[in-house]
Amino acid sequence: MVARIVTGKSIKGAVNYNEDKIKKGSATLIAAPGYTASPEHLSFRDRLLRLERLAAGNSRTKTNCVHISLNFEPTEKLPEEKMAQIAETYMQGIGLGGQPFLVYRHTDAGHPHIHIVTTNIQSDGQRISLHNIGRERSEPVRKAMEQKFGLIPSEGREKDSTYLKPAELEAVQYGKSETKRAISNIVRTVVREYNFTTLAELNAVLRSFNVVADRGEPDSKMFAAKGLCYFITDAKGNKMGVPIKASSIYSKPTLAHLEEKFIKNAQERWRFKTPLKSAVDKAIVQAKDKEGLVSKLKADDIDVVFRQNAERIYGVTFVDHRSMSVFNGSDLGKNYSAAHLLERLTMDHKGLHKETRKNKILSEKAFGKIDYSQGVAATIGQLYNQGLRLLPGNSDKESFNVGTKDSPEFSYVAALVRPSTKARMYPLRWPMIPG
């Protein structure tokens with residue numbers, strides 16, 4: 001079971017969100033503890049006013065709404081009675097069991113889940129603290145409930161994106177509620193779960209789910225008014241269909257709200273920096289080129305987004321789905337900027353160019369097989385027969401640079417002919433130190 005808690009300032013917004021689902025046939029009110037009537041006998045007004053009247057008892061507290069979702073594994077088949085029991089046990093465990101609350105079962109996703117709406121203002125006007133409610137109260141309760149109710153353990157998937165699936169374009173009817181629902185589900189989850197510090201970083205995540213946030217053209221009225229809307233995109237990232245205004249989504253992921261998230265996320269994401277750098281370092285050693293790096297990191301659940309124009313690659317962003325964090329390459333350090341990353345792709349883990357490393361290994365093997373008794377000319381011929389060629393060295397007449405025929409000349413390694421009875425040729429280790 002995965003528990004997600006969202007606190008806010010609009011009880012009406014939270015109730016409306018779930019009631020709209022009921023109108024569309026994708027939700028049912030299955031329990032209403034603390035209310036004077038059973039769910040089927042409660043009108044919308046009854047459901048809303050019970051909570052709003054409690055919240056009105058403390059005008060000083062602005063955050064007075066608690067909206068919780070309990071998510072279960074797709075394979076779990078839970079009857080409504082058991083879901084209601086799970087909800088009541090959970091609310092008791094996190095200290096909100098004495099409050100009236102509404103329990104909605106939703107059927108619009110690929111996994112069973114329920115939503116719970118309540119207020120943290122008690123009948124005497126006192127506020128129930130929500131500080132660290134997720135880590136200190138919800139987590140221990142969640143783990144205990146998995147044991148008590150025989151639920152499939154989430155195994156740390158509270159930060160997993162298992163339930164988040166890319167929008168299926170062919171299943172969306174543009175301009176209708178299905179479009180808004182597809183975009184809203186993805187945007188709300190990404191904004192809530194991922195650590196991003198710019199709109200570009202947010203879009204690096206959203207694009208992997210076929211959605212993009214758009215401010216409009218720089219000279220447009222929407223841009224000047226700091227407006228924001230969300231589009232569904234096709235497989236190539238092109239915007240399609242009717243956009244959804246940020247203000248129309250329940251969680252209000254407007255630009256003003258996102259800018260607050262940018263500041264908060266900048267402070268929280270740094271603990272994920274070192275593991276990401278380690279993953280990139282490991283992949284660079286193994287990758288042969290840019291595409292190989294993207295593929296190897298993808299296998300580790302890390303997306304790499306290179307930004308480029310018609311002339312060059314000018315930036316790179318890493319989306320770490322393991323830690324739900326987003327970093328520009330330069331934020332990780334100079335060696336992780338786009339320019340340095342591409343340069344490092346040609347280097348081995350010791351900083352030696354990979355072509356140079358290859359030439360060093362091949363030439364040393366070749367020198368070990370050569371019969372030096374036939375003289376320098378025959379020695380050079382034997383090297384040619386093994387796919388190597390020699391170029392004049394820079395230091396003196398007895399030095400050469402050796403490499404394969406198809407490798408760039410800068411990657412050749414140095415070799416030295418020392419006068420002797422056998423006119424033996426000796427390879428030099430890199431850098432040019434006689435072996």
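Since we're looking at a predicted model, the values are computed, not measured.

On to the overall build of the chain, then. Across its full length, the chain holds 14 helices and 16 strands. Counting every position in the chain, which comprises 435 residues, the buried fraction comes to 47%. Pairs at least 24 apart in sequence give 57% of the contacts found in the chain among residues at least 6 apart. Counting every atom, the chain has about 22,500 Å² of accessible surface; 51% of that belongs to carbon and sulfur.

What follows deals with the sheet that holds strand 7 (residues 229-233). Strand order across the open sheet formed by three strands is 6-7-8, with antiparallel pairing between neighbours. Either end of the sheet is taken by a strand with one partner, and the two such strands are strand 6 (211-214) and strand 8 (239-245). Taking the axes of each pair of neighbouring strands and ignoring which way they run, one obtains an average angle of 30° across the sheet. Where strand 7 meets strand 8, four bridges bridge the pair, whose relative direction is antiparallel. Bridge assignment links C229 to a residue of strand 8, and that residue is K245. Contacts between helix 6 (residues 199-206) and the sheet are confined to strand 6 and strand 7, with strand 6 contributing the most and set at about 160° to the helix.

Two elements in contact, helix 9 (residues 273-286) and helix 10 (residues 290-299), have axes whose closest approach is 9 Å; the angle formed by their N-to-C orientations is 135°. Relative to helix 10, helix 9 is oriented oblique. Crossing handedness for the pair helix 9 and helix 10: right-handed. Two secondary-structure elements touch here, helix 9 through A279, V280, A283, I284 and Q286 and helix 10 through L293, K296 and L297. Each residue belonging to the contact of helix 9 with helix 10 can be placed in one class, and the counts come to six nonpolar, one polar and one charged.

Ordered by their spatial adjacency, three strands build an open sheet running 9-10-11, and the pairing between neighbours is antiparallel. Either end of the sheet is taken by a strand with one partner, and the two such strands are strand 9 (302-308) and strand 11 (325-328). Strand-to-strand twist in this sheet, taken as the mean axis angle between neighbours without regard to direction, amounts to 20°. With four bridges joining them, strand 10 (residues 313-320) and strand 11 adopt antiparallel strand pairing. Within strand 11, the residue paired with F318 across the bridge is F327. Running over the sheet, helix 9 touches strand 9, strand 10 and strand 11 and is turned about 115° from strand 10. Sitting on the sheet, helix 10 touches strand 9 and strand 10, and the angle it makes with strand 9 is about 150°.

Our focus in this paragraph is the environment of G403. Secondary-structure assignment places G403 in strand 13 (residues 399-404). When its relative accessible area of 0% is taken as the criterion, G403 is described as buried. With residues up to four places along the chain from it excluded, the contact list for G403 reads N359, G387, L388, R389 and Y412.

Rules used in this analysis
Residues numbered from 1 in each chain as written. Predicted model: local features only at pLDDT ≥ 70, side-chain atom pairs only at ≥ 80, totals over all residues. Heavy atoms only, no water. Helix = DSSP H or I, 4+ residues; strand = E, 2+ residues; numbered from the N terminus. Buried < 20%, exposed > 50% of the residue type's maximum accessible area, 1.4 Å probe, protein only. Contact = heavy atoms within 4.5 Å. Areas by Shrake-Rupley, 256 points an atom, 1.4 Å probe, with all protein chains shown as cover. Pairing = 2+ DSSP bridges. Axes fitted to C-alpha atoms, helices over the stretch in contact; angles between N-to-C directions. Parallel < 35°, antiparallel > 145°, perpendicular 65-115°, else oblique. Left-handed = near helix turned anticlockwise from the far one by under 90°. Nonpolar A, V, L, I, M, F, W, Y, C, P; charged D, E, K, R; others polar.

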